[in-house]
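# Observations on the three-dimensional arrangement
So you can see what is in the structure, the chains are spelled out below.
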Amino acid sequence: MSSSGVTAEQAGKYFNEFEEEEYGAPVEERDSDSDSESEFDFDDSDDEVCPLSRSPLSEAAAETRHGRWNTEKDADTAPVLSRFQPKRTPGPQIDGLAPYSPKELFLLFFSADTVKTICDNTNKFAAKNQARGKKYKWVKINTDEFYKFLGLLIYMSLVQLPSVQDYWKQNHFLSVLTPPKVMSRDRFRTIMWNIHLSNPEEDVKNDEKKGTPGYDKLFRLRPVFDEILNACQAYYHPKRELAVDERMVATKAKTNMTQYMKNKPNKWGLKLFVLAESVSGYTVSFCLYTGKTSPSEHGLSYDVVMSLIQPSYLGTGYHIYMDNFYTSPTLLMDLARAKFGACGTYRESRKGCPKERPNALTKKSERGSIRWIREDPLVFVKWMDTREVSVCSTIHPAFSGETVQRRMKDEEKRWIVKEIPCPTPIMAYNKYMGGVDLSDQLIQYYSAQRKTYCWYKTVFMHLIDIASTNAYILHRDLSATKREQPMSHKDFIVVIASQLCGVDMTGMPKNRATDHTPVPINAEQKANKARRQCRHCLQTLLNHKAENVLKIIIPNKAR
C-alpha cells in the first residue's frame, strides 16, 4: 500500500482483482442455525451471505420506502451481515505469556535494523554537512547512542522545560539530573541537527524527478515511515469495530503539504489519515496527505478509505465508522461488496443521498423524531436532536427502540430530563467513532514533539509517539491475558525512557562501578604519583560527613 494514498483507478483495480480472487464463486446462503456459531470465523471459505441480499421487508415496501420518509413507527429489518472473518485472531500477535518489558514492546516498532538504517543515513548526512563547511564536531552515531537519544526525547515528553538547553543547566532552578548523565547537550543538539532518515545520495536523485510521476514527496521519510506502518500491522490485529478520521501533526514548516483546518486543536500542520481500533485507540494504519494530485473518479475521501482498508491484511466482516467527509453511498456500497459494513454521518449534497422526499423532517419537528429510507443494504436515517442529524449505514436497522436522555422544557416551561427515541445507527456511531480521537488523546499525554522547521523530523517524532502509544496498548492487552494489573500510562512511558537511556529509576547510570578493587602499581613508581583517590569512595565519604553534620546541627537548633 502506498502511504501517500491511492488514486481511484488504483483502488478500483485493487478491488477488482480482490473480488476475482475472493468472490468469484457464487455465494451460498447461511443456514438458519448458524447464529449458534462462534463470533470469530477464521475459515477461508466463502459461505457467508452476500451483504447485498434484500431484507424481508424490501420486496413488500420498496415503492413506499423509495418514495417517502418512514417514521420510527414503521418497522425495519437490518441487512444480513457478512460473517466476521479476520485473517488472524484479534489482539497482540506476540507470545501472550512471555514477559515483555516496556522497552522490548517499544523496540518492536523501532527494531535494530530500522535504527541502523537511520544511523547510517545520519552519518552520511553529517559528513555532507561538514563538507559544506558546518563547523561542529561530529562523531559517528551508533545504534546504542541513538536509542539513548530516543530515550531523551521521550524523557522530555515527561519533564517539559521551555527549551532544550534548560535540560543541561547546572546550579539553576530548572536543573534536572538525567540528561547530563546520558549525553552532553552539544551531542544531543548535534544529533538533532543531523538526523536523517533517507540516503542523502538517493535524495538528490529523487529531487531530480520533481514534476514527474516518479517523484516521491515522502522519500526523505519513506524508510522509517514504512517500517513503523508495517510494525503496527504485524504485531496487532484489530477487533471488528474500526474508525477512519484525520489527525493533524502540528507544524508550520514551509511545504506544500502543510494544511490549515480551523476545527482542529492544531490548526496548522501535516494531515494524516488514520485507521484506528474503536475500543482501544490502537493505530492500525495511516497515510500522509501530500497535497492535490490528479483528479480521481470518486474523490479524495473515497480513495483514502479504500487505501486504508486492506482485505488481504484485515480479512472481512469489519465495521468501519467515518464522518461526513468520507461517507457517500458509492463508498458504502463498494465496501459492502467487499464484505465490509460501514456507518457514518453524511452530507445531503453528496450524490445518491435522498433529498426532497415527502414526510421529511422540518425545523418544527419534535425533538426525537426519526425519518428513514432503506435502499437495499443501505439505510438513510435522520434524527431531530437540538439540530437535524443525518446518518447512513449498511450495518444497522433504522430504529430498534433505543432511547437517550435529554434535558428539555415541559409544557409549563420547567426543565426536565426526558427520554427520547434514538436511531440505532446513531447509537453505534457515537459508541465506535471515537477510535482516532482516543488515539490522539493517548498520544498528546506524553508527546515527544520538539519544535523544528524540518517537516520530516516533525513526522519522525510523531512516529515515536505512535510507537510508544501502540506499545502501551499492547502492554494492556498482554496484562489482561495474564490477568495482571497493567502499568499506568505514565509509569509505562517512564520505564521506556529510563531503559532506553540506560538509567535506573533512581536516576543513576546502570553501568556504574560496584566494586573498588585496588590496582597494583609498578614498584619503581612513586606512590604519590601513581595513586589516585577512588571517586565513588570520595563521594560516599562526603555524603557520610554531610549526614553527620546534619545530625549535629539539627539537635542544636532544637535546643
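For the structure given in this document, a descriptive report is provided here. Owing to the predicted nature of the structure, the values given are computational and were not obtained by experimental measurement.

## Some words on the overall build of the protein chain
Looking only at helices and strands, the protein chain has 18 helices and 16 strands in total. Going through the 559 residues of the protein chain one by one, you find that 48% of them count as buried. Here the analysis covers contacts within the protein chain between residues at least 6 apart in sequence; of these, 67% occur between residues at least 24 apart. Summed over its atoms, the accessible surface of the protein chain is roughly 29,900 Å², and 50% of this surface lies on carbon and sulfur atoms.

## Topic: the pattern of salt bridges
Evaluated as defined, the whole model comprises 22 salt bridges. The partner of Arg 220 in a salt bridge is Asp 203, with the nearest N and O atoms 4.0 Å apart. Taken together, the residues span a long stretch of sequence, with Arg 220 in the loop between helix 8 (200-207) and helix 9 (222-234) and Asp 203 in helix 8 at a distance of 17 residues. Of the residues examined, Arg 220 reaches a relative accessible area of 23% and is grouped as partly exposed. Asp 203 sits in the buried class, given a relative accessible area of 3%. Counted as one network, the salt bridges with shared partners bring together Asp 203, Asp 207 and Arg 220.

## Structural notes on the layout of surface pockets
Approximately 1,200 Å³ is the volume attributed to the largest pocket. Along its surface, the largest pocket is lined by 42 residues, and Ala 250, Gln 449, Arg 450, Lys 451 and Thr 452 are the ones closest to its centre. Here the element with the most residues in the lining of the largest pocket is helix 14 (residues 435-445); it accounts for six residues. For the lining of the largest pocket, the class distribution of residues is 18 nonpolar, 13 polar and eleven charged.

## A few points about empty space enclosed by the protein
In the structure shown here, the tally under the stated rule is two cavities of 30 Å³ or more. Here the second largest cavity defines a volume of roughly 40 Å³. Elements represented by at least two residues in the lining of the second largest cavity include exactly helix 5 (143-158) and helix 15 (455-482). Broken down by element, the lining of the second largest cavity gets its largest block of residues, three residues, from helix 15. Split into classes, the residues belonging to the lining of the second largest cavity amount to six nonpolar, no polar and one charged.

## Some points on the packing of aromatic side chains
Under the defined criterion, the tally for this structure stands at 22 aromatic pairs. Aromatic pair Tyr 155 and Tyr 167: ring centres 6.4 Å apart, planes at 65°, arrangement edge-to-face. Taken together, the positions of Tyr 155 in helix 5 and Tyr 167 in the loop between helix 5 and helix 6 (178-182) put the pair twelve residues apart, joining distant regions of the chain. Each member of the pair, Tyr 155 as well as Tyr 167, is classed as buried. These aromatic residues form a ring-pair network of at least three members: Phe 106, Phe 110, Phe 146, Phe 149, Trp 168, Phe 188 and Phe 460. It is Arg 187 that lies over the ring of Trp 138; its NZ or CZ is 4.7 Å from the centre.

Cut-offs used in this document
Residues numbered from 1 in each chain as written. Predicted model: local features only at pLDDT ≥ 70, side-chain atom pairs only at ≥ 80, totals over all residues. Heavy atoms only, no water. Helix = DSSP H or I, 4+ residues; strand = E, 2+ residues; numbered from the N terminus. Buried < 20%, exposed > 50% of the residue type's maximum accessible area, 1.4 Å probe, protein only. Contact = heavy atoms within 4.5 Å. Areas by Shrake-Rupley, 256 points an atom, 1.4 Å probe, with all protein chains shown as cover. Salt bridge = Lys/Arg side-chain N within 4 Å of Asp/Glu carboxyl O. 1 Å grid on protein atoms, 1.4 Å probe; cavity = no way out; pocket = protein on both sides within 12 Å on 5 of 7 lines; lining within 4 Å. Points joined across faces, edges and corners; volume = space filled by probe spheres on them. Nonpolar A, V, L, I, M, F, W, Y, C, P; charged D, E, K, R; others polar. Phe/Tyr/Trp six-rings, centres within 6.5 Å; stacked < 30°, edge-to-face > 60°. Lys NZ or Arg CZ within 6 Å of the ring centre and 35° of its normal.

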